[in-house]
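Reading the structure
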Amino acid sequence: MSAGQPGRRLGILLSGRGSNFQAIAQQCVAGRLNAQIVVVISNRADAAGLEAARAMGIPSVVIPSQGVERVAHDRMVAEALDEAAVDYVILAGYMRILSAWFIQHYPQRILNIHPALLPAFPGLDAQHQAWEYGVRYAGCTVHFVDEKMDSGPIIDQAVVPVLESDRAEDVAARILAEEHRLYSEAIGKVLQGGWRVDGRRVLFER
Ligand code: GAR
């Protein structure tokens, strides 16, 4: 089983809640994204996103990462992705750094979402970093994954205001709502084709 229309095959990697995964799955099922999620892989057995995948009838796999050497783990993940014949690898809160081997195995076929307007605030807890810094605008970024963390050519971004009355959690919630919209839209653009990467820039044919 898989979620969505027969179309391009997406493999999801996640480590936690899985709300971005669920937002993408809903767009696939509704036929607004011409794709199907064929496998969900988590490095953590307790990831809530796995339960959601099971409820949707999507094959889910746990490949524990603790104590496993990075490339060895990535090879196991790639084996599961390749077995499911995925066209694109979608990182949805996958809190691991990928090896160069893995990234080269899927050239320009790995997408990530980060809850900040990159290149500002890479790394963990980006929403809190932005709030603490005192930015007036925050947001999220969908990008191709390259060998550095939260780097790689930018596919799309969305901006949200930061109000003086906001706590960091308010900013995070406002960003998350935009993440749920932006990620599916960005995946849709990539699946449509007609783009190329020129240095750091992703250029779409109009
Ligand atoms: C999301 O906010 C995503 O942008 C972030 O983890 C969260 C996962 O939430 N990813 C990163 O920080 C990657 N550097 P979710 O599990 O509910 O989709």
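Anything mentioned here points back to the structure above.
Right, let's walk through the structure included here. (Residues numbered from 1 in each chain as written. Predicted model: local features only at pLDDT ≥ 70, side-chain atom pairs only at ≥ 80, totals over all residues. Heavy atoms only, no water.)

1. Structural notes on helix H6 (residues 168-192)
Between its terminal C-alpha atoms H6 stretches 36 Å, which fits the 36 Å expected from 25 residues at 1.5 Å a residue. Here H6 has its buried residues at Ala 168, Val 171, Ile 175, Leu 176, Glu 179, Leu 182, Tyr 183, Ser 184, Ala 186, Ile 187, Val 190 and Leu 191. Following H6 by one or two positions, Gly 193 has its phi on the positive side, about 80°. (Helix = DSSP H or I, 4+ residues; strand = E, 2+ residues; numbered from the N terminus. Expected span 1.5 Å × (residues − 1). Buried < 20%, exposed > 50% of the residue type's maximum accessible area, 1.4 Å probe, protein only.)

2. Looking at the pairing of strand E5 (residues 88-91)
Of the two faces of E5, the one carrying Tyr 88 and Ile 90 and the one carrying Val 89 and Leu 91 are both buried. The pairing of strand E2 (residues 8-14) with E5 spans four bridges and is classified as parallel. Among the inter-strand pairings, Ile 12 is bridged to a residue of E5, identified as Ile 90. As defined by bridge partners, E5 adjoins strand E6 (residues 110-114) across three bridges and the pair is classed as parallel. If you follow Leu 91 over to E6, its bridge partner there is Asn 112. Between the parallel pair E5 and E6, the chain is carried across by helix H4 (residues 100-105), and the sense of this crossover is right-handed. (Pairing = 2+ DSSP bridges. Right-handed = clockwise from strand over helix to strand, strands pointing away.)

3. Focus on the pattern of salt bridges
Applying the stated criterion across every chain, the model contains 11 salt bridges. Note that Arg 174 is salt-bridged to Asp 166, the shortest N-O span being 2.7 Å. The exposure class of Asp 166 is buried, given its relative accessible area of 8%. Arg 167 is the partner of Asp 170 in a salt bridge, and the nearest nitrogen-oxygen pair spans 3.2 Å. (Salt bridge = Lys/Arg side-chain N within 4 Å of Asp/Glu carboxyl O.)

4. What to know about the layout of surface pockets
Considered as a void within the structure, the largest pocket measures approximately 770 Å³ in volume. Taken together, 33 residues make up the lining of the largest pocket; nearest its centre are Gly 93, Tyr 94, Met 95, Asn 112 and Ile 113. (1 Å grid on protein atoms, 1.4 Å probe; cavity = no way out; pocket = protein on both sides within 12 Å on 5 of 7 lines; lining within 4 Å. Points joined across faces, edges and corners; volume = space filled by probe spheres on them.)

5. Quick notes on helix H2 (residues 48-55)
Taken together, the buried positions of H2 are occupied by Gly 49, Leu 50, Ala 52 and Ala 53. Along the long axis of H2, the arc covered by the buried residues comes to 160°, so they all point the same way. Tucked inside the fold, the buried residues of H2 contact E2, helix H1 (19-29), strand E3 (35-42) and strand E4 (60-62). A positive backbone phi angle near 75° is found at Gly 57, which sits one or two residues after H2. (Arc of directions from axis to C-beta. Contact = heavy atoms within 4.5 Å.)

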